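Chain by chain, the residues run as shown.
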Amino acid sequence: MLTAMDHVQLAAPPGSEDLLRAYYADVLGMTEIPKPPVLAARGGCWFQAGAVQLHLGIEQGFRPAKKAHPGLRVTDIEGYAARLVARGAPVTWDDNLPGHRRFYSEDPVGNRLEFLEPVTGAP
């Protein structure tokens, strides 16, 4: 029986770890967590905010997915979007999910990310 999602892994091109650290730690406010040594040798980096973990793994021939993405719940979505914009990250609002405010952004290697917050009192 499934009980929870442990993490989401996204791919990234070789040598992009510094770009990823700048985005996931500085822009999104996540904390980098250590990878086990055997996995650290492969490159990439892992990040956490509360119970949310995103793992960025190095992939030769990387191409970002155009549609696939993790959906990340946030509080104060307007403030969070302003944080991203102030740090140079793109924000594209989308109002097609009933009961939620949401926007999309991309990390510096082109991975698509969705940020959403339920609307209070929505059905």
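Shown above is the structure to which this text applies.
First, a word on scope: everything that follows refers to the structure included in this document. Keep in mind the model is a prediction, meaning the values are calculated, not measured.

### Concerning the sheet that holds strand E4 (residues 52-58)
Line of reasoning, step 1. Taken in spatial order, the four strands of this open sheet run E1-E4-E3-E2, and their pairing is mixed. The open sheet has two edge strands with one neighbour each: strand E1 (8-12) and strand E2 (31-33). The average angle at which neighbouring strand axes cross in this sheet is 30°, direction not considered.
Line of reasoning, step 2. Taken together, the five bridges between E1 and E4 define a ladder with parallel strand orientation. Looking at the pairing, leucine 10 lines up with leucine 56 of E4.
Line of reasoning, step 3. Where helix H1 (residues 17-27) meets the sheet, its contacts fall on E1, E2, strand E3 (45-49) and E4, and the angle it forms with E3 comes to roughly 5°.

### Some words on the nonpolar core
Line of reasoning, step 1. With 25 residues, the main nonpolar core has Tyr23, Tyr24, Leu28, Leu84 and Phe115 as its most contacted residues.
Line of reasoning, step 2. Residue contacts for tyrosine 24: discarding those within four places in its chain leaves Leu10, Gly29, Met30, Phe47, Leu54, Leu56, Asp107, Asn111 and Leu113.

### Focus on helix H3 (residues 77-86)
Line of reasoning, step 1. Ile77, Tyr80, Ala81 and Leu84 are the residues of H3 that are buried. Relative to the axis of H3, the buried residues are bounded by an arc of 100° and lie together on one face.
Line of reasoning, step 2. Positive backbone phi, approximately 85°, marks glycine 88, located one or two places after H3.

### Quick word on the sheet that holds strand E8 (residues 112-118)
Line of reasoning, step 1. Sheet architecture is open: four strands sit in the order E5-E8-E7-E6, paired in mixed fashion. Every interior strand has two partners, whereas the edge strands, strand E5 (71-73) and strand E6 (92-94), have only one. Within this sheet the neighbouring strands show an average axis-to-axis angle of 30°, counted without direction.
Line of reasoning, step 2. Sheet topology note: the E5/E8 ladder contains three bridges and is parallel.

### Remarks on the environment of arginine 73
Line of reasoning, step 1. Residue position: arginine 73 is located in strand E5.
Line of reasoning, step 2. On the basis of relative accessibility, which here comes to 61%, the residue arginine 73 falls in the exposed class.
Line of reasoning, step 3. The spatial distance from the C-alpha of arginine 73 to the C-alpha of threonine 92 is 16 Å, given a sequence separation of 19 residues.
Line of reasoning, step 4. In contact with arginine 73, not counting residues within four places along its chain, are His100, Leu116 and Pro118.

What counts, and at which threshold
- In this numbering scheme, every chain counts its residues from 1 along its sequence in written order.
- Thresholds applied to this predicted model are a pLDDT of at least 70 for local features of residues and 80 or more for the giving and counting of side-chain atom pairs; totals over whole chains, interfaces and linings are not thresholded and use all residues.
- Calculation of side-chain values draws on the structure's entire complement of heavy atoms; hydrogens and water are dropped beforehand.
- For two strands to count as paired, DSSP must find a minimum of two bridges between them.
- Numbered from the N terminus, helices here are DSSP runs of H or I no shorter than four residues, and strands are runs of E no shorter than two.
- Between the N-to-C directions of two axes lies an angle of 0 to 180 degrees, each axis being a line fitted to C-alpha atoms and, for a helix, fitted only over the stretch in contact.
- The criterion used for residue contact is that any of the two residues' heavy atoms lie within 4.5 Å.
- Residue types Ala, Val, Leu, Ile, Met, Phe, Trp, Tyr and Cys, when buried and joined through side-chain atoms within 4.5 Å, form a set referred to as a nonpolar core.
- Only protein chains enter the accessibility calculation, which uses a 1.4 Å probe; a residue whose area is less than 20% of its type maximum is buried, one above 50% is exposed, and one in between is partly exposed.
- What the arc measures is the spread of directions leading from the helix axis to the C-beta atoms.

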